[in-house]
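# Remarks on the overall topology
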Amino acid sequence: MAYPSLSPLVEQGLLDEILDNLGFIHANDHCRRNCTHCPAFGDTSPVQMTPFATLTRLVRDVGEAFRDRGISPKRSIVSWRISDPLDYHVRDGETTRNTFDVARIWREHLGQGLYLVTNGSEGKRFARTALRQIAARPDVLSQAKLTITPCDQGWGSERYLQNIADDISVLAPLWDLGSTRMEDPDGLRFRINLKSTADRREEALEFMARAMDLAGLDAGAAQKALADPRRISAKDIYDLGSYVGDSPVVNAISIKGEGGKRFKDTAETRSHHQYGIYPDGAVRVIDMYEFKVYEATGEGGAPLRVDLRAA
Ligand code: SF4
């Protein structure tokens, strides 16, 4: 078998369908950062991390399956969903693997740089190291987006400000490079998403100015960044729901339709249903408009899994 970890999908005759709609191979899942605007708000599950050797073999198998079919992924495949990609760190023999290592294997086996959307390193050593390594080898990255928001638990503290400023100083050189993310060919390799409700936008912009100053950007560079939405994009907060119900963010924009069902049609940027492979080996279907996840099932309704032991 050319790609042993995917053999259960081959046996079910579902490998082509899954490759066609694959959006996620999770290096990590779950998050305890508790940002108030996030569907992970209130999640107390431990963060799950796929061992690096397992992840490498799985990603290699997926890459090989694409190549065997003479195709390449038709979308960005990412390494997390409701989690922070920079939180990935696992022991691997004598060394610690981080998001840079994840990005390396993405480039090597999937033929695409990793897409990162992060709320920052929080000053953690492994995460800061990953950012520096990525900035030094930006080909492993398709695009990095740094989310800055009053919804972060650290908002208002000097420590949050300093950590964000440090991350900006590491990533700012990537403003000079174009995005290689296929969904954003006109964007830049780095973008800041400044996410706030409309009533807190001024406060967020003031924070942004202080952070750029602290990051060492001169006034001209800061002004240029603020004037260019490809560099800094001010975004609204939507009520995407959370582990504890509705978003606790005051004035979050509701996306509930009839019957109270959430639905955010983002057909221009993402397809409605995508498959994800999770750290426990389960293959799940992610409804990208409703923010829901379902078990994918094979013949007889059995949950679909990859074989991580073979990976
Ligand atoms: S926004 Fe990101 S960092 Fe914050 S809780 Fe959600 S997944 Fe975690």
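Residues numbered from 1 in each chain as written. Predicted model: local features only at pLDDT ≥ 70, side-chain atom pairs only at ≥ 80, totals over all residues. Heavy atoms only, no water.

On a plain count of helices and strands, the protein comes out with eight helices and 14 strands. Relative to the globule expectation of 19 Å for 311 residues, the C-alpha radius of gyration of the protein, 19 Å, shows essentially globular dimensions. Across its three principal directions, the C-alpha atoms of the protein cover 60 × 50 × 35 Å. In the protein, 68% of the contacts between residues at least 6 apart in sequence involve partners at least 24 apart. Carbon and sulfur atoms make up 48% of the accessible area of the protein, which totals about 14000 Å². (Helix = DSSP H or I, 4+ residues; strand = E, 2+ residues; numbered from the N terminus. Rg over C-alpha atoms; globule rule 2.2 N^0.38 Å. Contact = heavy atoms within 4.5 Å. Areas by Shrake-Rupley, 256 points an atom, 1.4 Å probe, with all protein chains shown as cover.)

Turning to the nonpolar core, a few remarks are in order. Residues Ile25, Trp106, Ile148 and Ile168 are the most contacted members of the largest nonpolar core, which totals 70 residues. Setting aside its immediate chain neighbours within four residues, Ile148 contacts Trp155, Tyr160, Ile164, Ile168, Ile192, Asn193, Leu194, Lys195, Phe207 and Met208. Counting residues in each nonpolar core, the second largest holds eight residues, with Phe24, Val78, Tyr115 and Tyr278 among its members. (Core = buried A, V, L, I, M, F, W, Y, C linked by side-chain atoms within 4.5 Å. Buried < 20%, exposed > 50% of the residue type's maximum accessible area, 1.4 Å probe, protein only.)

For the rest of this paragraph, the subject is the side chain of Thr197. One can find Thr197 in the loop between β8 (190-195) and α7 (201-214). Here the side chain of Thr197 touches Asp199 through a polar contact of 2.8 Å, side chain to side chain. Leaving out residues up to four positions away in the same chain, Thr197 has contacts with Ile237, Val249, Val250, Asn251 and Ala252. (Polar contact = N/O pair within 3.5 Å; in protein donor to acceptor, adjacent residues only side chain to side chain.)

In this section: the side chain of Ser76. Note that Ser76 resides in the loop between α3 (52-68) and β4 (90-92). Since its relative accessible area comes to 9%, Ser76 is described here as buried. There is a polar contact of 2.6 Å between the side chain of Ser76 and the side chain of Glu183. With residues up to four places along the chain from it excluded, the contact list for Ser76 reads Gly23, Gln112, Arg181, Met182 and Glu183.

Of all the eight residues making up strand β7 (residues 141-148), eight are buried; the element is thus mostly covered by neighbouring parts of the structure. Note: strand β6 (residues 114-118) against β7, five bridges, orientation parallel. Looking at the pairing, Leu114 lines up with Leu141 of β7. After leaving β6, the chain enters helix α5 (residues 125-136) and then returns to the sheet as β7, a path that is right-handed. One crossover worth recording links β7 to the parallel β8 by way of helix α6 (residues 158-171), and it is right-handed. (Pairing = 2+ DSSP bridges. Right-handed = clockwise from strand over helix to strand, strands pointing away.)

Moving on, we come to α3. The end-to-end C-alpha distance of α3, which contains 17 residues, comes to 24 Å, matching closely the 24 Å that a straight helix rising 1.5 Å per residue would cover. Of all the residues in α3, the buried ones are Phe52, Thr54, Leu55, Leu58, Val59, Asp61, Val62, Gly63, Ala65 and Phe66. Those residues of α3 hidden inside the fold are in contact with α2 (15-20), β1 (22-25), β4, β5 (95-97), α4 (99-110) and β12 (273-277). Positive phi shows up at Gly70, right after α3, with a value of about 70°. (Expected span 1.5 Å × (residues − 1).)

This part takes up unusual backbone geometry. At Glu122, a residue that is not glycine, the phi angle is positive and equals roughly 55°. Residue placement: Glu122 occurs in the loop between β6 and α5. The phi torsion at Phe291 lies on the positive side, around 60°, for a residue other than glycine.

The next thing to look at is the site of the ligand. Neighbouring the ligand are Cys31, Arg33, Asn34, Cys35, His37, Cys38, Ile82, Ser83, Asp84 and Asn119. The residue inventory of the shell around the ligand, partitioned by class, reads four nonpolar, four polar and two charged. (Near = heavy atom within 4 Å. Nonpolar A, V, L, I, M, F, W, Y, C, P; charged D, E, K, R; others polar.)

When you line up the elements, Thr36 lands in the loop between β2 (28-29) and β3 (48-49). We classify Thr36 as partly exposed; its relative accessible area is 22%. Along the primary structure Thr36 and Pro150 are separated by 114 residues, whereas in three dimensions their C-alpha atoms are 8.8 Å apart. With near-sequence residues (within four places) excluded, Thr36 lies in contact with Phe41, Cys151, Gln153, Ser247, Pro248 and Val249.

Sheet strands line up and pair through hydrogen bonds in the backbone, either parallel or antiparallel. The sheet built from four strands is open, its strands ordered β6-β7-β8-β9 with parallel pairing. Edge positions in the sheet fall to β6 and β9 (232-235), since each of these pairs with one other strand and no more. Between one strand axis and the next, the sheet turns by 20° as a mean value, whatever way the strands run. (Axes fitted to C-alpha atoms, helices over the stretch in contact; angles between N-to-C directions.)

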